[in-house]
Amino acid sequence: MNRPVALPDPYPIEPISTPLNAVVSIPGSKSITNRALLCAALAHGSTHLSGVLFADDTEAMLGCISALGAQVDVDRENCSVQITGMGGQLHPDSEGLLNAVQSGTTARFIAAAMMLSRRDLILDASPQMRARPMATAFDALRSLGAIVDETDLPGFLPARIRGTAHSAQPSVRLAGDISSQFISGLLLVAPCLEFGLRLELTTVAVSAPYLAMTVSVMRSFGAVVQDLGDGAYVVEPGGYTGLEYAVEPDASAASYFFAAAVICGGSVRIDGLGSNSIQGDIGFVEVLSQMGAMVQVSPESITVVGGPVSGVRADFRDISDTAQTIAAVAVFADGPTVISGIGFIRAKETNRIAAVVSELRRCGVNANELDDGFEIHPGPLRPAVVQTYDDHRMAMSFALIGLGSAGIQIADPSCVSKTFPDFFEVLESIRPELP
């Protein structure tokens, strides 16, 4: 675990009263890191990953690919990993027990990878991850001939899984409106199946940019993936080939600092994240622009310059990991904000819609749940100890409110270790120096 040490609980956020002028260094993308780690583990040959995120979710993936038989050499100081891949064949240790801890990407990706095993392997997780749905993934694996035996509740971890051989290219149909992680998991493993895979979605995918990211990472490792449109994919057999791969800074993590520029005024620039990014969450800055912020996007960087902003109506289906961030910005807008398209985030680390509304009300804000989102009516704020529900994004988003209003404290601040262990240190680093 990457829990920060010596953080007071609750953690007080000191307001910033002068405009920002910050260039912020953001850790590597969790989503890209975990996809690249699995591709490298399944690849033929050696892979060197740079810009790797080291946080609870990626440590969970590192532990699982090591247990499956990949040779992993970690250099945390330089944010890099050297992996000798398994050539599409798993070589699990004798125990055969894999632990996804709290990581949804690890749980969904590794469950799919277990199709490559011809012996029983057990996938388990933390109590929080055990409570998150896995039925869609398990049903898809069963439709592909895998044997899945939940050892506690149907549709939830822990589960015993093993695959089976195919005589022709298998095909699977599954709903896309539950979690794109299920779909990405199957796509990531497909090149290592003897005959590849045809995958068709029966409903529109949520967080569709994450599927595009998955395909991009797969192609970088040499996979042949056809995106046929209308939610249909064909992945050819042939596996992956090791290479040098650089992980982009995390666009979801960057959203907090772009939001800080809007709340505090001034500018924030993040290098290494730009118009060529494969992360859909860079779309967050387009919403800030709609609200009135000035946004500059180049191939190499993104800069946001803050100032007075208006409320907005926006569909966050494709950028749902930034929904809590926009909630913090909306508090300081000059009109109401309505965010839709995100009903599925009720099944994330916590019920994120209910949590946002509850904690905004705790801070004195008029907020309401909608069927597929929330609405926020700005008003006077009051001091509060914000509850975070063991959800890293609740802690990071609501810390932003404390930059613009006195008396905000964050309960269980160490939960940020899931994806951004140094978040509060980096947040302090943007504070302008006093004259």
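Under the annotation held in an unreviewed UniProt entry, the protein chain carries the name 3-phosphoshikimate 1-carboxyvinyltransferase and is attributed to freshwater metagenome. Under the heading Pathway (unreviewed entry), UniProt records this for the protein chain: "Metabolic intermediate biosynthesis; chorismate biosynthesis; chorismate from D-erythrose 4-phosphate and phosphoenolpyruvate: step 6/7." In its Sequence similarities (unreviewed entry) section, the UniProt entry covering the protein chain states "Belongs to the EPSP synthase family."

Here's the deal with the sheet that holds strand S15 (residues 266–271)
The strand order across the open sheet formed by 4 strands is S2-S15-S17-S16, and the pairing between neighbours is mixed. Edge positions in the sheet fall to strand S2 (20–23) and strand S16 (294–297), since each of these pairs with one other strand and no more. Looking at each pair of strands side by side, their axes are set apart by 10° on average, direction ignored. Those strands touched by helix H8 (residues 251–264) are S2, S15 and strand S17 (301–305), and its axis lies near 165° from that of S15.

What about the sheet that holds strand S23 (residues 408–410)?
The strand order across the open sheet formed by 3 strands is S1-S23-S22, and the pairing between neighbours is mixed. Single-partner strands in this sheet number two, and they are strand S1 (11–12) and strand S22 (384–386). Note: S1 against S23, 2 bridges, orientation antiparallel. Among the inter-strand pairings, Tyr11 is bridged to a residue of S23, identified as Ile410. Relative to the sheet, helix H12 (residues 392–404) contacts S22 and S23, its axis offset from that of S23 by approximately 160°.

Examining the side chain of Ser252
Within the fold, Ser252 resides in helix H8. Filtering out sequence-adjacent residues up to four positions away, Ser252 remains in contact with Tyr210, Asp281, Asp321, Thr322 and Arg393.

The rules behind each value
Residues numbered from 1 in each chain as written. Predicted model: local features only at pLDDT ≥ 70, side-chain atom pairs only at ≥ 80, totals over all residues. Heavy atoms only, no water. UniProt positions renumbered as here; feature names shortened; annotations may be inferred. Pairing = 2+ DSSP bridges. Helix = DSSP H or I, 4+ residues; strand = E, 2+ residues; numbered from the N terminus. Axes fitted to C-alpha atoms, helices over the stretch in contact; angles between N-to-C directions. Contact = heavy atoms within 4.5 Å.

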